[in-house]
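Geometric and topological summary
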Amino acid sequence: MESYYLDWVNLLLRWAHIITGIAWIGTSFYFVMLDNSLEKPRDPESLEKGVGGEQWALHGGGFYNMQKYAVQPKKLPEHLHWSFLESYSTWVTGFLLFSMSYLWNASTYLIDRSKMDWAPSTAVIVALAFFVAFWFVYDGICRLFGRGKHGDRIVGVLVALFIVLASWLACHWFAGRAAFLLVGAMMATTMSANVCFWIIPGQRRNVAAMRAGKPVDPANGQRGKQRSVHNTYFTLPVVFAMMSNHYSFTYTHAYNWIVLLLIMLGGAAIRQFFVVRHRFKLGNARNPWPYALLGVAVLGLTIVWMQPAPVAAAVAAPAPAAVSYAQVRQVFEQRCLLCHGEQVQMKGVRLDSPQQVATHAQAVYQQAVVSRIMPMGNSTGMTEDERALLGAWFQAGAKTQ
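Quantities reported herein were computed from a predicted structural model and do not represent experimental measurements. The residue numbers shown here count from 1 along each chain, following its written sequence. It should be noted that, the model being predicted, local features are given only for residues of pLDDT at least 70 and side-chain atom pairs only at 80 or more, the latter also being counted only at that level, while totals for whole chains, interfaces and linings use all residues. Neither water nor hydrogens contribute to the side-chain values; these are computed over all heavy atoms in the structure.

**Things to note about unusual backbone geometry**
Under the convention used in this document: Only DSSP runs of H or I with at least four residues qualify as helices, and only runs of E with at least two residues qualify as strands; both kinds are numbered from the N terminus onward. Only protein chains enter the accessibility calculation, which uses a 1.4 Å probe; a residue whose area is less than 20% of its type maximum is buried, one above 50% is exposed, and one in between is partly exposed.
Despite not being glycine, His150 has its phi angle at roughly 55 degrees, a positive value. Considering the arrangement of structural elements, one finds His150 in the loop between α5 (120-145) and α6 (151-173). A positive phi angle is found at Ala398, which is not glycine, with a value near 50 degrees. Relative to the helices and strands, Ala398 is located in the segment after α16 (384-395). When its relative accessible area of 14% is taken as the criterion, Ala398 is described as buried.

**Description of the UniProt feature "domain: Urate oxidase N-terminal" (unreviewed entry) in the protein**
Here is the rule: UniProt positions are given in the numbering used here, feature names are shortened, and annotations may be inferred rather than shown by experiment.
In the numbering adopted here, UniProt assigns the feature "domain: Urate oxidase N-terminal" (unreviewed entry) to residues 4-306. Secondary structure within residues 4-306 divides into 73% helix and 6% strand; the distance between the first and last C-alpha atoms comes to 37 Å.

**Notes on helix α7 (residues 176-211)**
The condition that has to hold: One less than the residue count of a helix, multiplied by 1.5 Å, gives the span that helix is expected to have. Note on bend: at a given residue it equals the angle between the axes fitted to the 7 residues ending there and to the 7 starting there.
End to end, α7 covers 51 Å across 36 residues, agreeing with the expected 52 Å (1.5 Å per residue, within 8%). Where α7 bends most, the angle comes to about 35 degrees, and this point is Val195. Counting buried positions along α7 yields 29 of 36 residues, so the element is predominantly enclosed. A positive backbone phi angle near 75 degrees is found at Gly213, which sits one or two residues after α7.

**Regarding the packing of helix α3 (residues 85-103) against α5**
To keep things clear, this is the line we draw: What counts as an axis is a line fitted to C-alpha atoms, over the stretch in contact for a helix, and the angles between N-to-C directions run from 0 to 180 degrees. Between 65 and 115 degrees an angle is taken as roughly perpendicular, under 35 as roughly parallel, over 145 as roughly antiparallel, and anywhere else as oblique. It is the rotation of the near helix from the far one that decides the hand of a crossing: anticlockwise by less than a right angle makes it left-handed, clockwise makes it right-handed. We call two residues in contact whenever any of their non-hydrogen atoms come within 4.5 Å of each other. Here the term charged refers only to Asp, Glu, Lys and Arg, the term nonpolar to Ala, Val, Leu, Ile, Met, Phe, Trp, Tyr, Cys and Pro, and the term polar to all other amino acids, Gly among them.
In the contact formed by α3 and α5, the axes pass within 12 Å of each other and the chain directions differ by 155 degrees. Accordingly, the angle class assigned to the pair α3 and α5 is roughly antiparallel. The way α3 lies across α5 gives a crossing that is right-handed. For the pair α3 and α5, the contacting residues are Phe95, Phe98 and Leu103 in the first and Val124, Ala127, Leu128 and Phe131 in the second. Of the residues contributing to the contact of α3 with α5, the split by class is seven nonpolar, no polar and no charged.

**Side note on the side chain of Ser46**
Mapped onto the secondary structure, Ser46 falls in helix α2 (residues 44-49). With a relative accessible area of 5%, Ser46 lands in the buried category. In contact with Ser46, not counting residues within four places along its chain, are Pro41, Val51, Glu54 and Gln67.

**Things to note about empty space enclosed by the protein**
Quick note on the threshold: Both site types are read off a 1 Å grid over the protein atoms alone. A 1.4 Å probe that fits but cannot get out defines a cavity, while an open set with protein on both sides within 12 Å along at least five of seven lines defines a pocket; lining residues have an atom within 4 Å of a point. Grid points are joined across faces, edges and corners, and a volume is the space filled by probe spheres set on the points.
Scanning the model with the defined rule gives one cavity of 30 Å³ or more in all. If you add up the space inside the largest cavity, you get close to 40 Å³. Trp24, Ile25, Ser28, Met191, Asn231 and Thr235 together form the lining of the largest cavity. Contributing elements (two or more residues each) for the lining of the largest cavity: α1 (2-35) and α8 (218-243). For the lining of the largest cavity, the element with the most residues is α1, which contributes three residues. Split into classes, the residues belonging to the lining of the largest cavity amount to three nonpolar, three polar and no charged.

**Overview of the pattern of salt bridges**
This is how it is decided: Each salt bridge in this description consists of a side-chain nitrogen of Lys or Arg and a carboxyl oxygen of Asp or Glu lying within 4 Å of one another.
Summed over the entire model, instances satisfying the criterion amount to seven salt bridges. Of the charged contacts, one joins Arg143 and Asp139 as a salt bridge, the two residues approaching to 2.7 Å between their closest N and O atoms. With Arg143 and Asp139 both in helix α5, this residue pair falls four residues apart, about one helical turn. For Asp139, a relative accessible area of 7% corresponds to the buried category. Residue Arg227 is joined to Asp139 by a salt bridge in which the shortest nitrogen-to-oxygen separation is 2.8 Å. Placement of Arg227 in helix α8 and of Asp139 in helix α5 is noted, with a sequence separation of 88 residues between them. One network of salt bridges, with partners in common, ties together Asp35, Lys68 and Lys225.

Here it is, written out as structure tokens:
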């Protein structure tokens, strides 16, 4: 019964995380598009008010006129809309979901003992350290190099190299599924930290200065814009990392850290296409299609590289011996019932009776033999012979008598 309610908590948290994530990403994408689509106003009244750029748009049967002031409006309205709750709620729901699914069950979901045989508490501390360390290193890089000559380019290269290192470490220290999510959560934490520590505080300082009749420090806006741009390029890589747990062929690959980096690179290149596309339409940037072609090429080459080697035609061999249900039941008892027995039924799956085994035979074959992601992190030590036994049993009809 406890597992049943935990599954509901997991479902509701995941649902809330997706909803808030859509709201955050949608807001971010919209303002990036808006910034890169602004045209200089032709209306003398707008120019006199200090409007630096505007966009006329149609939506839902109405006309909208979005205006951006070069520095500040002459008169600040009483009510301002702030975009930060979407970021914070996305991070909170994501962290709770990650904690419940991976940190709370570290020995099952976080640890792969063939990589690092450490205590669950140690694995949890190291996983949390990824969040903290990445933020401090990233923030330090931005502080040291972000304001100098070619600062954006230097910051981009250094942050990319640090992501490579973090991805390599995560995939060599943790179970592949957890490693991909950890890298994505690490980057998402930095995105939310940018909002919390730089973007919103800078905006608050500017608003306070305007209300007090003091001059606005343009550095606040510049720093906030820089971090906002970084968040834009993190977005598609983070989204892939978050959805990667549904595609075991990526995180179970022998070089899964390279797979992760290549797919994130492809996503970042495609995101660059959309960013530049808005400026290109106004004649303010070069043709963006090379970025899209680069992203597609990276993903295409990754698909070709990961393609499994063709299986050689089987030479006539003796038919395998029939596998009895008694043999399969022994494997279930030793390797599976800890999480799928009478006391605990993770994901609502039980394997402690012939009827339950028959119901879930397809899932057992897919998870334990084909994708090999169960037992999670192989925490119960299922052997290759046992996986082969389950495979032969399923292919022979998955009989339970």
